[in-house]
Amino acid sequence: MSHSPSQALRPMSSSALLKFIRAYGQETAVLLSLLVIVVVVSLINPNYLGPANINNMVAGNAYIAVAAIGMTMIILLGHIDVAIGALIGVLASIAGTLAVSGYPVWVCWLVPVLVGVFIEAVVGVLVAYARIPAIVVTLGVVSILKGGLITVTQGVWISNLPPEFLIAQFRLFGIPSPVYFMILLTIAAGVWMRYAPFGRAIYAVGGNVEAARTVGIRPERLTVGVFALHGMFAGIAAVLFGTQLQVIQSTVPNNLELTIITASVIGGVSIIGGRGTVYGSTLAAIFFSAVSSALVFLNISAYWLRAVLGVLILATVLADAMRRRQIH
Amino acid sequence: MLSRYVFRHETILALLLVLALALSANLSDRFFTVDNLLNQGRMLTEVGIIAIAMTFVIITGGIDLSVGSILGLSAITLGVVWKTLGVPLPLAMVVAVLAGAVCGAVNGVIIIKSRMPPMIATLGTLALYRGLAEGISQARSVRGYPEWFFVLGQGEFFGVPTQLWVFGLLVVVAAIILGYMTFGRVTYAVGANETAARFSGMNVDRAKLLIYTASGSMAALAAVIFVSRVSTTRSDMGMGIEMDAISAVVLGGTSIFGGRGTMIGTLLGILLIQTMKNGLTLAGVKGDGTIIVIGSILILTILISNLVNRKRD
Amino acid sequence: MKKLLCLTTGLVLMAGTAYAEDVWTGGDGLPTSPLACDGSPATLTASPYNGATVQNAPDLKGKQISIVDVPKLIGIGYFTATAKGVADAAKDLGNVDAKTDGPTKANIDDQITLIDNYVTSGVNGIVFAANDPEAIAPVLKKALSKGIHVVGYDSDSTPDAREWFVNQASFNGVAKALIDNIASQIGEDGAFAIVTSTFTTPVQARWISEMSAYTAKCHPKMKWLETVEAQEDNILSFNQANTLMNKYGDELKGIIGMTTVATPAASEAVKQANMCGKIAVTGLALPNAMKPYINGGCINGVVLWNPSDLGYAATEVLRAAVDGTLKPGDTSVKAGKLGDLKIVDGSVVLLGDPVTFTKENINNFDF
């Protein structure tokens, strides 16, 4: 939220290594941490690297990775969305309700995506044009979605979902479909943000709003567009989330927004705005499931999971601060 | 001159509060009883105490997401220090508040030294402190506090709930510091333009450190009151309370970008939320309906306030 | 800086390993009383009434009353079913207005605030399922002092904060049913793991303690591998069950789900991993959620009481307390369509024995 634009645009360093570290340092750090965990835990218990466990770890948090793509864009712009968890819960319930009412599956998959786009676009308008801070809007939206969902569903689970609806359980070459979604969407978003004008504009606005305005970018429009896009990713994440099992628990998943924001942050969306990629957030999402799986494998009481995550966030951000100092 | 007062955010809020009170009284004859109103005071104290410090934090342009976790960790500290380590309870209460102060100071140091946005830093400590609370307690609750301890959370003093005195005193002190003392001016200056504040010779880092430490201490004080009110200690205490406190502060007109906000606004924000919660329940609206209304009011109030103020500019 | 990140991760993980050496069952550490292995019934000792007394209660015998039902949380199938039971009983009785309202997550503060507001609004009775036995006590005592009748179900408060508590089944009875069930499927030397909600949840912790004691007494060779937490979360339960299977491989023969969320999620994990018949799942579960797995032959049987009956009984007990037909010292209470229910331990109304749902009977239930 608070970011000082003056620090974002810095002269490029001449060293190629420093350049790479500046561009992908955080992504590399997450990847290395992931490798350390995988190596250490699989030395202790080789089952950790069994094909089934790899599948579970990579696929298990795919919906978080997909949602974190949109969140990364939002944070890059200097905003935040604390309603994403509630939104995913609501959209998954919409998908499930349509599915049990007998609509064709493509309708059940498409409608939540459209509703997600619509809701986040409204949030974007309130943020960009009415100038209400995103954290305030989304705090309000959390209450509305949470209360609304329970009022409508009365908390009754959605079961008897038709098998052809359960897209997250489809497999291609033995690999669950969420993995494909995660990889394709991450690469597509990453490339788009680096090369497409609209995507590059996100960095420009996140780095310095006024500078962006002088080169002809309209930050308000861009903000609404990015929120809408974020809603699309939320919709896809919700469909993947809701189709993992045979029932949909029609409540808002607890603390999901924190996990998604944390994935974006650990993934290196920085910190001062205007920098960071979606590759990092996807790696971070996989890293989370690797850690929580590792806790079970190492017999570590799950009580410490949260403490581990906290230390990781702080370590990440401190590392980022130190890196910035080295470059200077 | 007049319009300056009429269009102030606090005025809009006060009108809303009057409206909410009138509506609640109209919907249920049990709302406007001394008993009920004092009891509501009892229940808003913990969020209220946290919101006081949060107002300072947000005026500096920061945010403290870790207060709920500090509440949990302080509560566990209280329980463990008293029960497991056998320290006398009054001393354990002091230790618990100190633990909260240390947590807050750690937040402050991280934010000042690493220059990372407070939201990210406190997101990290949110996870860390809650994790420590769960790890230390192994998720077991501590019970069996002596009867005198409940005075704080369940007792009365001159007919008014004990913790409401504490809350009232803190609000007054905080309002004086923020409105009339140098420290208050520094707080606003940091939020309005940190660089300018530094150049004009203000000790920005010291102010931030003090404010985050105070935020942690207030969360710990809320923890002690909470434990006394519910007579048990659990590691999941205070989960999500940061959102309630932030909502109240923001509803009270404090700008999340910093530099603007008042203690009276925060107080009105807290009262408005509590009135709606209580009034709607008494009127027969269920909990899920109530949170929809509160969410909508939060967005609408800020929206109206923004529009009104922009018209005038 | 990368080193820092790796180092911290490594250190934290290692510190954790050193910390958790023993198999932690997740029990609550309170004394246990395992039942006899052969199923001979426990001796029920009559004990004096230990519930609370409502003060200055108005005489509402036979009159219309309004009550509120406050479950631990709303939005899970189990408490949707208890709420239906409360509504059904209100309808059968004809002179009760009942309403269910609860927090959206199992949170002590929200639940207390909610009850407090209902006390102020002047209901005549409260039925509750406590998120914390101690924390809920002050507000319930306040209700009692204002002439409001208070009856617990599912999860008790301290006895001095309510009049009666309707227990779904005795703790040791549930423990025996679950352990006997898993033993019959995986054999006396099989290894199993537990998926529970959280170690802070009193009821689950109590069951686990009793299960651990009963296993030691009656199935000493069975191996209790591990207990993992999964809150009351579908996806997390599913992931934890998967991880358990991956970790123990062939060694793991059975999984017991301690919540109505965990058991179907664990069954789904076993089914998706094509381990039906190789890994047995049992646990507490609602029949509707288990029909696909039990009818499909993947899972043999699960255990539960009828949660609708539980809500029904709580409402009937409350009405009886209001009418004065249930008094301290009574040994049974009439509960409408459920007939006479036994009273044990001074103030605990027993719903009955837990039911095991199998292919043969599961389709007769709809909740």
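Predicted, not measured: the structure shown is a model, and the values here were computed from it.

Here's the deal with the pairing of strand 8 (residues 252-257) of chain C
All names here are of chain C.
Here comes step 1: Counting buried positions along strand 8 yields 5 of 6 residues, so the element is predominantly enclosed.
Here comes step 2: Of the pairings in the sheet, the one linking strand 6 (residues 191-196) to strand 8 comprises 5 bridges and is parallel in character. Within the sheet, the bridge partner assigned to V195 lies in strand 8 and is G257.
Here comes step 3: With 4 bridges connecting them, strand 8 and strand 9 (residues 280-283) associate as parallel partners. Directly across from G257, in strand 9, lies its bridge partner G283.
Here comes step 4: Note on the crossover from strand 8 through helix 8 (residues 262-272) to strand 9: the handedness is right-handed.

What about the packing of aromatic side chains?
Here comes step 1: Here the structure, examined in full by the defined rule, presents 19 aromatic pairs over all chains.
Here comes step 2: Taking the centre distance of 5.8 Å and the plane angle of 40 degrees together, the rings of W207 of chain C and W305 of chain C count as tilted. Of the two residues, W207 of chain C sits in helix 6 (residues 202-218) while W305 of chain C sits in the loop between strand 10 (301-304) and helix 10 (307-323), which places them 98 residues apart along the sequence. For the pair W207 of chain C and W305 of chain C, a shared accessibility class is recorded, and that class is buried.
Here comes step 3: Three or more aromatic residues joined by ring pairs make a cluster, and in this case those are W82, Y145, W148, F149 and F150 of chain B.
Here comes step 4: The aromatic ring of Y312 of chain C is capped on one face by K337 of chain C, whose charged end is 4.6 Å from the ring centroid.

Considerations on the interface of chain A and chain B
Here comes step 1: The interface is formed by 45 residues belonging to chain A together with 46 residues belonging to chain B.
Here comes step 2: Carbon and sulfur atoms make up 76% of the surface buried where chain A meets chain B, a total of about 3700 Å² over both sides.
Here comes step 3: Where chain A touches chain B, the interface holds 0 salt bridges.
Here comes step 4: On the surface where chain A and chain B come into contact, there are 3 residue pairs in polar contact (both at pLDDT 80 or more).
Here comes step 5: Looking at the side of chain A that touches chain B, the elements with two or more residues in it are helix 6 (134-153), helix 11 (256-266) and helix 13 (305-327) of chain A.
Here comes step 6: The biggest single contributor to the side of chain A that touches chain B is helix 6 of chain A, with 13 residues.

So, helix 4 (residues 67-84) of chain B
Residue and element names in this part refer to chain B.
Here comes step 1: With 18 residues, helix 4 should cover 26 Å at 1.5 Å per step; its first-to-last C-alpha distance of 25 Å lies within 8% of that length.
Here comes step 2: Counting buried residues in helix 4 gives 15 out of 18 residues, a clear majority hidden from the surface.
Here comes step 3: Residue G86 follows helix 4 closely and has a positive phi angle near 70 degrees.

Rules used throughout
Residues numbered from 1 in each chain as written. Chains lettered and ligands numbered in written order. Predicted model: local features only at pLDDT ≥ 70, side-chain atom pairs only at ≥ 80, totals over all residues. Heavy atoms only, no water. Buried < 20%, exposed > 50% of the residue type's maximum accessible area, 1.4 Å probe, protein only. Helix = DSSP H or I, 4+ residues; strand = E, 2+ residues; numbered from the N terminus. Pairing = 2+ DSSP bridges. Right-handed = clockwise from strand over helix to strand, strands pointing away. Phe/Tyr/Trp six-rings, centres within 6.5 Å; stacked < 30°, edge-to-face > 60°. Lys NZ or Arg CZ within 6 Å of the ring centre and 35° of its normal. Contact = heavy atoms within 4.5 Å. Buried area = accessible area lost by both parts, 1.4 Å probe. Salt bridge = Lys/Arg side-chain N within 4 Å of Asp/Glu carboxyl O. Polar contact = N/O pair within 3.5 Å; in protein donor to acceptor, adjacent residues only side chain to side chain. Expected span 1.5 Å × (residues − 1).

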